[in-house]
Amino acid sequence: MTFILDIIKGMIIGIANVIPGVSGGTMALSLGLYDKIIGSVSNLFRDFKKSVLTLLPIIIGCALGIVGFTYAIEYLLSYHTFVTCMTFVGLIFGGIPVLYRSLQKERRSHGGIGISGVLAFLILFLIAVGMPLLNAGGDIMSVIDPTPGTMVLLFLIGVIAAATMVVPGVSGSLVLMILGYYYGIINSLKGFFDALKVFDISSMLHLCLILVPFGIGVLLGIFLIAKLITYLFKQYGIQTYCAIFGLILASPFAIFYNTGLFGQLSSLSAGTVILGIVLALAGGVITYIMGEH
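From a predicted model like this one, the values you see are computed outputs, not experimental measurements. (Residues numbered from 1 in each chain as written. Predicted model: local features only at pLDDT ≥ 70, side-chain atom pairs only at ≥ 80, totals over all residues. Heavy atoms only, no water.)

*Asks:* Mind showing me how you'd approach the overall build of the chain here?
*Replies:* Looking only at helices and strands, one finds 14 helices and zero strands in the chain. Counting helices and strands in the order they occur from the N terminus, the chain gives α-α-α-α-α-α-α-α-α-α-α-α-α-α. Put simply, 80% of the contacts in the chain that link residues at least 6 apart link residues at least 24 apart. Surface summary for the chain: the accessible area is close to 14600 Å², and the carbon and sulfur share equals 74%. (Helix = DSSP H or I, 4+ residues; strand = E, 2+ residues; numbered from the N terminus. Contact = heavy atoms within 4.5 Å. Areas by Shrake-Rupley, 256 points an atom, 1.4 Å probe, with all protein chains shown as cover.)

This is the structure:
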């Protein structure tokens, strides 16, 4: 029964990792799996069999959740851009109170924010705003050409995305969107699944040149960066939380810019705007409630 329950919980975490703004780490915390996952990853080589048996149902569930929701997220972003993005923004901001309390706890233990905390906030804020502006347009973000240089970059982006996946309150898919590779990865996943259905080996191999280096980066990131993130929270907790706040507060701009939403704002109907605001509030409430449990 526990095995099946962990698969279901893994599916929820997998879906969370596909949605920009929803933190897979926060979801794992809410579902009571975070310590189990981190402990198993940290002790993988020390207690291989036990760690694998613990992680297996969660990994299976995550894979099912990612596969199932990849198609839905593409449709929502293509045909209901504003309300979907507003929901993402609500989901992002709903996690702020939990992060703020964590920052306050660090401040009580280690003193004020200081110049280093302010700098950490500003640097991550400017990076989050600046990265989308470096992208030339939507075509580059939606289609990835698997050149050798791109494959190396995808590996590094996979490491970065994985690192953020293990941080409660930060969304790995949001980081992909900020970097401008979210649509490319989602479309590559969808293309691979479509090719798998008809057993189109040529297309599968082509897309593997994109997904394999990214996937290797994700796996290595989870195993290698998790300890670094733990170290940063332990040794530089205030600066780390300030950096996370910089990323989160700048993320709505990145979401709106990377989805092309700024160009659509003037043509939105009143009903769409109201629905977007309602969904943003609902998303915020959902994230807040989950962060409280």
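Now that the structure is up, let's keep going.
*Asks:* Honestly, the packing of aromatic side chains in this entry has me stumped. Any pointers?
*Replies:* Given two aromatic rings, one states the distance between the centres and the angle between the planes to describe the pair. Taken as a whole and assessed by the stated rule, the structure comprises six aromatic pairs. When the centroid spacing of 5.9 Å and the interplanar angle of 75° are considered together, the rings of Tyr 182 and Tyr 183 count as edge-to-face. Neither Tyr 182 nor Tyr 183 differs from the other in exposure class; each is buried. Aromatic side chains Phe 192 and Phe 193 sit 6.3 Å apart centroid to centroid with 70° between the ring planes, which places their arrangement in the edge-to-face category. For the pair Phe 192 and Phe 193, a shared accessibility class is recorded, and that class is buried. (Phe/Tyr/Trp six-rings, centres within 6.5 Å; stacked < 30°, edge-to-face > 60°. Buried < 20%, exposed > 50% of the residue type's maximum accessible area, 1.4 Å probe, protein only.)

*Asks:* Help me out: how do you make sense of the confidence of the model for the chain in this one?
*Replies:* A low pLDDT score tells you not to read the predicted coordinates there in detail. Model confidence for the chain is summarised by a mean pLDDT of 81, while 88% of its residues fall at 70 or above. Predicted confidence is poor over residues 136-140, with pLDDT under 50, and the contacts of this stretch with residues over four places away or in other chains come to zero contacts. (pLDDT = per-residue confidence, 0-100.)

*Asks:* Sorry, what's going on with the packing of helix 4 (residues 48-79) against helix 5 (residues 81-94) here?
*Replies:* Packed helix pairs are characterised by how far apart their axes lie and by the angle those axes make with each other. Viewed as axis vectors pointing N to C, helix 4 and helix 5 meet at an angle of 115°, and their least axial separation amounts to 5 Å. Contact residues: helix 4 offers Ile 73, Leu 76, Leu 77, Ser 78 and Tyr 79, while helix 5 offers Thr 81, Thr 84, Cys 85 and Phe 88. Among the residues forming the contact of helix 4 with helix 5, the class breakdown is six nonpolar, three polar and no charged. (Axes fitted to C-alpha atoms, helices over the stretch in contact; angles between N-to-C directions. Nonpolar A, V, L, I, M, F, W, Y, C, P; charged D, E, K, R; others polar.)

*Asks:* For this particular structure, what's the right way to read a nonpolar patch on the surface?
*Replies:* Taken together, the side chains of Phe 3, Ile 4, Leu 5, Ile 8, Met 11, Ile 12, Phe 48, Val 52, Leu 56, Ile 60 and Leu 64 define a hydrophobic patch exposed on the protein surface, amounting to about 900 Å² of accessible area. Sorting the residues of the nonpolar patch by element identifies helix 1 (2-18) and helix 4 as the ones contributing at least two each. Tallying contributions element by element places helix 1 first for the nonpolar patch, with six residues. Counting through the fold element by element, Ile 60 comes out in helix 4. Ile 60 gets classed as partly exposed once you look at its relative accessible area, which sits at 32%. (Patch = residues over 30% accessible without salt bridge, like charges linked within 9 Å, V, L, I, M, F, W, Y side chains within 5 Å. Salt bridge = Lys/Arg side-chain N within 4 Å of Asp/Glu carboxyl O.)

*Asks:* Looking at this structure, how should I read the environment of Gln 239?
*Replies:* Residue position: Gln 239 is located in helix 13 (residues 237-258). Taking the C-alpha atoms as reference points, Gln 239 and Val 118, 121 residues apart in sequence, are found 7.9 Å from one another. Excluding residues within four positions of it along the chain, Gln 239 makes contact with Ser 116, Gly 117 and Ala 120.

*Asks:* Any chance you could explain the nonpolar core here in plain terms?
*Replies:* What tends to happen in soluble globular proteins is that the nonpolar side chains get buried as a cluster. Within the largest apolar cluster, 62 residues are counted, with the highest numbers of intra-cluster contacts made by Tyr 182 and Ile 255. Per-element accounting of this core gives the leading share, twelve residues, to helix 13. When neighbours within four sequence positions are excluded, Ile 255 is seen to be in contact with Cys 85, Phe 88, Ile 92, Leu 174 and Met 177. Core analysis: the next-biggest nonpolar cluster, separate from the first, contains nine residues, Leu 33, Ile 37, Leu 55 and Cys 62 among them. (Core = buried A, V, L, I, M, F, W, Y, C linked by side-chain atoms within 4.5 Å.)

*Asks:* Honestly, unusual backbone geometry in this entry has me stumped. Any pointers?
*Replies:* Note: most residues except glycine have negative phi, and most peptide bonds are trans. Of note in this structure, Phe 199 is not a glycine but carries a positive phi near 55°. Positionally, Phe 199 belongs in the loop between helix 11 (182-197) and helix 12 (201-235).

*Asks:* Please explain helix 13 as it appears in this structure.
*Replies:* Taking 1.5 Å of rise per residue, 22 residues should cover 32 Å, and helix 13 covers 30 Å from first to last C-alpha, within 8% of that figure. Taking burial as the measure, the 22 residues of helix 13 include 18 buried ones, the bulk of the element. Where helix 13 ends, the next residue or the one after it, Gly 260, has phi of about 70°, a positive value. (Expected span 1.5 Å × (residues − 1).)

*Asks:* How should I be thinking about the side chain of Ser 188 in this particular structure?
*Replies:* Within the secondary structure, Ser 188 sits in helix 11. Ser 188 gets classed as buried once you look at its relative accessible area, which sits at 4%. Setting aside chain neighbours within four positions, we find Ser 188 in contact with Leu 207, Ile 210 and Leu 211.

*Asks:* What is the right way to read the pattern of salt bridges from this model?
*Replies:* Oppositely charged side chains are able to pair whenever their charged atoms sit close together. In total, this model carries two salt bridges according to the counting rule given. Of the charged contacts in the structure, one is a salt bridge between Lys 36 and Asp 6, with a shortest N-O distance of 3.5 Å. Of this pair, Lys 36 sits in helix 3 (residues 34-42) while Asp 6 sits in helix 1, and the two are 30 residues apart along the sequence. The class of Asp 6 is buried, set by a relative accessible area of 6%. Across the salt bridge formed by Lys 190 and Asp 194, the nearest N and O atoms sit 3.3 Å from each other. Of this pair, Lys 190 and Asp 194 both sit in helix 11, four residues apart, which is roughly one turn of that helix.

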